[in-house]
Amino acid sequence: MPIESITASYIYDSRGNPAVEVDLTTEHGSFRGLVPSGASTGIHEALELRDDDSSLWGGKGVTHAVRAVNEVIGPELTTAKIEETKQKEIDEFMIKLDGTPNKSKLGANAIVGVSMAVCRAGAAAKAVPLYQHIAELAELPSDKFVLPVPFFNVLNGGAHAGGSLAFQEFLVAPIGAKTFEEALRIGREIYHTLKSLATEKYGSSAGNVGDEGGIAPDIDSAEEALDLIQEAIKVSKYEGKVRIGMDAAPSAFARKCNDESYKYDINFKRPSDGAEWLSGEQLAHFYNYLIEKYPFISLEDPFAENDWESWSKYYEKFDLTKVKIIADDLTCTNQVRIEQAIEKKAADTLLLKINQIGTLSETIASAKLSYANGWGVQVSHRSGETEDNFIADLAVGLRTGQLKDGATARSERMSKYNQLLRIERELGLERAVY
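Calculation rules
- Residues numbered from 1 in each chain as written.
- Predicted model: local features only at pLDDT ≥ 70, side-chain atom pairs only at ≥ 80, totals over all residues.
- Heavy atoms only, no water.
- Pairing = 2+ DSSP bridges.
- Helix = DSSP H or I, 4+ residues; strand = E, 2+ residues; numbered from the N terminus.
- Axes fitted to C-alpha atoms, helices over the stretch in contact; angles between N-to-C directions.
- Contact = heavy atoms within 4.5 Å.
- Buried < 20%, exposed > 50% of the residue type's maximum accessible area, 1.4 Å probe, protein only.
- Core = buried A, V, L, I, M, F, W, Y, C linked by side-chain atoms within 4.5 Å.
- Expected span 1.5 Å × (residues − 1).

### A short note on the sheet that holds strand β6 (residues 169-173)
- The strand order β5-β6-β7-β11-β12-β13-β14-β15 describes a closed barrel built from eight strands, whose pairing is mixed. Averaged over all neighbouring strand pairs, the angle between strand axes comes to 25°, with direction disregarded.
- In the packing of helix α5 (residues 180-202) onto the sheet, contacts are made with β5 (149-156) and β6, and the angle to β5 comes to roughly 10°.
- Contacting β5, β6, β7 (243-247) and β11 (296-300), helix α6 (residues 222-235) runs over the sheet at an angle of about 25° to β6.

Here is the structure:
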């Protein structure tokens, strides 16, 4: 049956900034989509429409995006009378309605909220779980489902925390667990051990957390952070079961030179005259040093989002038997950017963020393009999150086998982990593969 009504309003995300909430009604009930927001956003992301009125919410208001749903998308879609199960048709209708390359007219945050709500309505119309509906939309198997390995952000630096540490995220991935339930328990135990070790070593303030729940001690170097994480893994007795990931997020400390090359200021949180800035090659050598010394499994965004030369030149110089190179800011869940990265042999794993591109259909297409070219896919949250657990079902439905969703702290992160626990228990070990 066609959609009966679509309305939007604003709520607040985990950073206390306004966010779009969409409610969609069909004969089967009311369905909701809550839209997250990134802090270290890539310049190639679809546009998140903000009001830019400094007198309200410091310019972070979303009343224009809310109005786009209430006055344009809602009336047009309900008049079009497209069935809620026709996800791609609805998403393409909204893309055409916006008419811009980056959804800047209506706002990606308006469009994606509707797209998520439509997906939930479609699942209800078919009387199947959300993850199964997503699998069927993607034309992927639904006899068994893959529960993702959780990549827990346990220690923060960069744009997500204070302190001197340049690199944004340090993660632990329990690859040796037998079930998602066990993986979540391992992650929780390491996180709390790490927090205790940090407060013992650096004082009580070291237990303070960044935007995604990871602790944010005032430490200076990647080695110091990794040594602390290694100690937490050892004390928790999970050596050999857990690997480490890092999101460098270097766009925050990349410096474009006059010759169009890039330098990297890994001391960007302190005054610098440029003498210690690293070239792409020097930064790659530093990453390889870390990968050799610590049990790495992934390195996300090693270079700036437009530093194609470093991405393509140094990708094959990493030890790819040890580490996967994940593209986030480089690709922004955008098929054009993904195709470029594939052609240039710049990475081998896509970080998938639904609000980066703005519709579920485009998100599915980006994942399938990556699979078709031998890439892995890691579904990801955003630093400004909501209690919406949509990405948990997305990871299972798309069979990505990987999910990045922050630490085992803060309810906006735990809502996703708890949903995955429910899914695994619902499926049973016969149909749930970790």
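### A closer look at the pairing of strand β2 (residues 18-26)
- The buried fraction of β2 amounts to eight of the nine residues, a majority that puts the element mostly inside the structure.
- Strand direction decides the pairing type here: strand β1 (residues 5-12) and β2, joined by eight bridges, are antiparallel. In the strand pairing of β2, I6 is matched with L24.
- Sheet topology note: the β2/strand β3 (residues 29-34) ladder contains six bridges and is antiparallel. Counterpart to T26 in the pairing with β3 is G29.
- Between β2 and β3, which follow one another and run antiparallel, lie two residues.

### Focus: the nonpolar core
- Formed by 127 residues in total, the largest nonpolar core has its most connected members in L155 and F170.
- Counting residues per element, this core draws most heavily on helix α3 (residues 108-126), at ten residues.
- If we skip the residues at most four places from it in the chain, F170 touches F152, N153, V154, L155, L165, A222, A225, L226, I229, G245 and M246.
- Counting five residues, the second largest nonpolar core, distinct from the first, contains V149, F151, A173 and I297.

### Here we look at α6
- With 14 residues, α6 should cover 20 Å at 1.5 Å per step; its first-to-last C-alpha distance of 20 Å lies within 8% of that length.
- Among the residues of α6, A222, E223, A225, L226, L228, I229, A232 and I233 are the ones counted as buried.
- The secondary structure elements touched by the buried residues of α6 are β5, β6, α5, β7, α7 (280-293) and β11.
- K237 sits one or two positions beyond α6 and adopts a positive phi of about 65°.

Nothing here speaks to function; it is geometry throughout.
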